[in-house]
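So the chains spell out like this:
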Amino acid sequence: MAIKLFLTFILLINTTMAEYECYEDLVDFPPFYVSDEYRQGDKMYENFRNLKNANIKDRYIPRGSIVFIDPQVYEQFEGSENGRVPVKVLTVPSIKAENELKNKTKGRSSDNIKSVALGTGRQTRVKKNDKGWMSLKSIRSVDEYTFAVEKDSLIYDTPGIDADRNYYIKLNMENGKFKVRNCCIPDEELKDGEEETCFSKYEMTVIDDDSNELQSNYVNFRECNFFDGALPIKDEQIDAFSGILKSFNEDNPNFKLADLEVVPSHQSWRGNTPIERRKELVKVPIDKNGAGPFGSIHYRGDDKANSDAYLKPNALCAFTQVLKKWEKECTEPGCKAMFGDLYHPKSWRSHSTHGSGDCIDLRPFRANDDNTTNGLKYGWERYSQDKTKRFIQLLEKAGGSPIYFNDPAIRRTTKARRMRGHDNHIHVCFDEDAAKTMQTCKDGL
């Protein structure tokens, strides 16, 4: 159970609060919204229409952007014939993943991962403070999300915050409504002809990467924006993303939130309801030399962008826990974990299971070298049955299933099964929705 720690946000104290009268309330409308898509399928963006002429689609807005809509304006346009509403852009996600997919990945087939970033034509990407029209169906209320914040967020200037940790923000709700404190200058203090001055502060909770909750006072989001560079994470996936970010920071203290490359979920629409066909995909961080997390290596990537290195969040989180544990347990030559294919669209003609986003191919381990150029098969002189068996046992402990590898001796003592073509590599899957996958992700090995 999360330990609740109470933290006063010094930067949020309004020195003129004595002039205001405040009262707590519950409201239906959020302080901002998260952009998604409406009938764009697997695209990473939604159209952003010209503010003066909504028929002109001259810009696009990445999914996961944060936008502001005035509550009175929202109510005015809700149920309108075209279903659009004017919005102001508060933040946009990192452009890194988008550029990688557009510029360096192979193929143009409709199911290729590259296709999610294509189709914008001459449209330009929105920037902070841009204004335009969006479909009401393409925005989501913030109560569905928890927000990871960048290390330069104002939160990190607050006493008691550890600069080396990751933090997350969640807006507080009660009975399905947002908890707010409304503040106004009393009528008797208003000068003649002066209009009433009011503002609302929303209550938020700050959560660290061990699920400890640090509860703030109410926050005026219009005055203090913690969300520059923030990543909205669906609540049901917060454990996976928290585990991924924590592991990547342990491996590389310079890893930033903007370095996390995420491909949004693939949705189809049934009337006005989005149906998720594939969850988000998250990329394993790989440097220009192919080095992955915790001493691993990505061998023979399919293209310069390593677009065969994506997994679903829980699967990636569990696999990362395996790599972390293996690096600690196996330190002699021959212990380098070498992974190849992860997510593969059907058009790449790989194993059918690689289209799930749950599965990984890995080379068997070597007796006494970490040569990354050439593969090997079980039974060869350079092959280490002992290391390979120990690694497969670790995959089992983490919840990996099925596991395919054809060494008969290993199959007799592990859950590995025979599958044609698996003399030279291990194939393992971490079911994204399996309880064991999620447990490994959250608790480690």
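Residues numbered from 1 in each chain as written. Predicted model: local features only at pLDDT ≥ 70, side-chain atom pairs only at ≥ 80, totals over all residues. Heavy atoms only, no water.

1. Considering the pairing of strand β12 (residues 167-171)
With five of five residues buried, β12 lies mostly within the body of the structure. The sheet contact formed by β12 and strand β15 (residues 198-208) spans five bridges and is antiparallel. Looking across to β15, one finds that Tyr 168 is bridged to Ile 207. (Buried < 20%, exposed > 50% of the residue type's maximum accessible area, 1.4 Å probe, protein only. Helix = DSSP H or I, 4+ residues; strand = E, 2+ residues; numbered from the N terminus. Pairing = 2+ DSSP bridges.)

2. Quick notes on the state of the cysteines
Under the defined criterion, the tally for this structure stands at four disulfides. Paired by a disulfide, Cys 22 and Cys 183 hold their sulfur atoms 2.1 Å apart. Across the S-S bond of Cys 22 and Cys 183 the torsion is about 115 degrees, and the bridge reads as right-handed. On the criterion of sequence distance, the pair formed by Cys 22 in strand β2 (residues 21-27) and Cys 183 in strand β14 (residues 177-184) is long-range, its members being 161 residues apart. Cys 183 gets classed as buried once you look at its relative accessible area, which sits at 0%. There is a disulfide in this structure between Cys 330 and Cys 335, and the S-S distance comes to 1.8 Å. A torsion of -55 degrees about the S-S bond marks the disulfide between Cys 330 and Cys 335 as left-handed. Here the two residues Cys 330 and Cys 335 agree in accessibility, since each one is buried. (Disulfide = S-S within 2.5 Å.)

3. Considerations on the side chain of Arg 59
One can find Arg 59 in strand β5 (residues 59-62). Taking relative accessible area as the criterion, Arg 59 reaches 14% and is therefore assigned buried. Within the structure, Arg 59 has its side chain in polar contact with the side chain of Asp 130 (distance 3.4 Å). Aside from chain neighbours lying at most four places away, what touches Arg 59 is Asn 47, Phe 48, Arg 49, Asn 50, Leu 51, Gln 123, Thr 124, Val 126, Asp 130, Lys 131 and Gly 132. (Polar contact = N/O pair within 3.5 Å; in protein donor to acceptor, adjacent residues only side chain to side chain. Contact = heavy atoms within 4.5 Å.)

4. So, helix α2 (residues 96-104)
Residues of α2 that are buried: Ala 97, Glu 98, Glu 100 and Leu 101. In a view along the axis of α2, the buried residues occupy a sector of 165 degrees, so they form one face of it. (Arc of directions from axis to C-beta.)

5. Considering empty space enclosed by the protein
Summed over the entire model, instances satisfying the criterion amount to one cavity of 30 Å³ or more. Estimates place the volume of the largest cavity at around 80 Å³. Residue lining of the largest cavity: Ala 148, Val 149, Glu 150, Lys 151, Asn 166, Tyr 167, Tyr 168, Leu 245, Asn 249, Phe 255, Lys 256 and Leu 257, and that is the complete set. Among the secondary structure elements, those contributing two or more residues to the lining of the largest cavity are β12 and α3 (238-251). (1 Å grid on protein atoms, 1.4 Å probe; cavity = no way out; pocket = protein on both sides within 12 Å on 5 of 7 lines; lining within 4 Å. Points joined across faces, edges and corners; volume = space filled by probe spheres on them.)

6. Details of the side chain of Lys 279
As for its position among the elements, Lys 279 is in the loop between β20 (273-278) and β21 (281-283). A distance of 2.7 Å separates a polar atom in the side chain of Lys 279 from a polar atom in the side chain of Asp 433. When near neighbours in sequence (up to four residues on either side) are disregarded, Lys 279 contacts Gln 237, Ser 265, Lys 312, Glu 432 and Asp 433.

7. Some remarks on the sheet that holds β5
Taking strand neighbours across the sheet as the criterion, the eight strands line up as β8-β5-β4-β9-β7-β6-β3-β10 in an open arrangement whose pairing is mixed. Of all strands in the sheet, those with a lone pairing partner are β8 (124-125) and β10 (139-141), marking the two edges. Pairing geometry for strand β6 (residues 66-68) and strand β7 (residues 84-91), over three bridges, is antiparallel. Opposite Ile 66, over in β7, you have Thr 91 as the bridge partner.

8. Describing the pattern of salt bridges
Using the criterion set out here, one finds 25 salt bridges in the structure. A salt bridge links Lys 96 to Asp 259; its shortest N-O distance comes to 3.7 Å. With Lys 96 in helix α2 and Asp 259 in the loop between α3 and β18 (262-263), this pair connects stretches of sequence that are 163 residues apart. Relative accessible area serves as the criterion here: at 35%, Lys 96 is assigned to the partly exposed category. Residue Arg 366 is joined to Asp 369 by a salt bridge in which the shortest nitrogen-to-oxygen separation is 3.3 Å. (Salt bridge = Lys/Arg side-chain N within 4 Å of Asp/Glu carboxyl O.)

9. Here's the deal with unusual backbone geometry
Put simply, Ser 401 and Pro 402 share a cis peptide bond, and its omega is 0 degrees. Of note, Pro 402 is situated in the loop between α5 (385-398) and β26 (403-404). The backbone phi angle of Ser 211 is positive, close to 70 degrees, even though this residue is not glycine. Looking at the element boundaries, Ser 211 is found in the loop between β15 and β16 (213-219). Under the relative-accessibility criterion, Ser 211 is labelled partly exposed at 34%. The residue Phe 294 is not glycine, and still its phi comes out positive at about 55 degrees. The topology assignment puts Phe 294 in the loop between β21 and β22 (297-298).

10. Section: the packing of helix α4 (residues 313-329) against helix α7 (residues 435-443)
The description of two helices packed together rests on the angle between their axes and the distance between the axes. It is at 8 Å that the axes of α4 and α7 come closest, and there the two elements cross at 55 degrees. One finds that α4 runs oblique with respect to α7. For the element pair α4 and α7, the recorded crossing hand is left-handed. Counting all contacts with α4, which are made through Asn 314, Ala 315, Cys 317, Ala 318 and Gln 321, the residues of α7 involved are Thr 437, Met 438, Thr 440 and Cys 441. The class makeup of the residues in the contact of α4 with α7 is five nonpolar, four polar and no charged. (Axes fitted to C-alpha atoms, helices over the stretch in contact; angles between N-to-C directions. Parallel < 35°, antiparallel > 145°, perpendicular 65-115°, else oblique. Left-handed = near helix turned anticlockwise from the far one by under 90°. Nonpolar A, V, L, I, M, F, W, Y, C, P; charged D, E, K, R; others polar.)

11. Concerning the sheet that holds β18
Sheet architecture is open: three strands sit in the order β18-β21-β23, paired in antiparallel fashion. Every other strand in the sheet has two partners, leaving β18 and β23 (310-311) as the edge strands with one partner each. Bridging between β21 and β23 involves two bridges; their strand directions are antiparallel. Among the inter-strand pairings, Val 282 is bridged to a residue of β23, identified as Leu 311.

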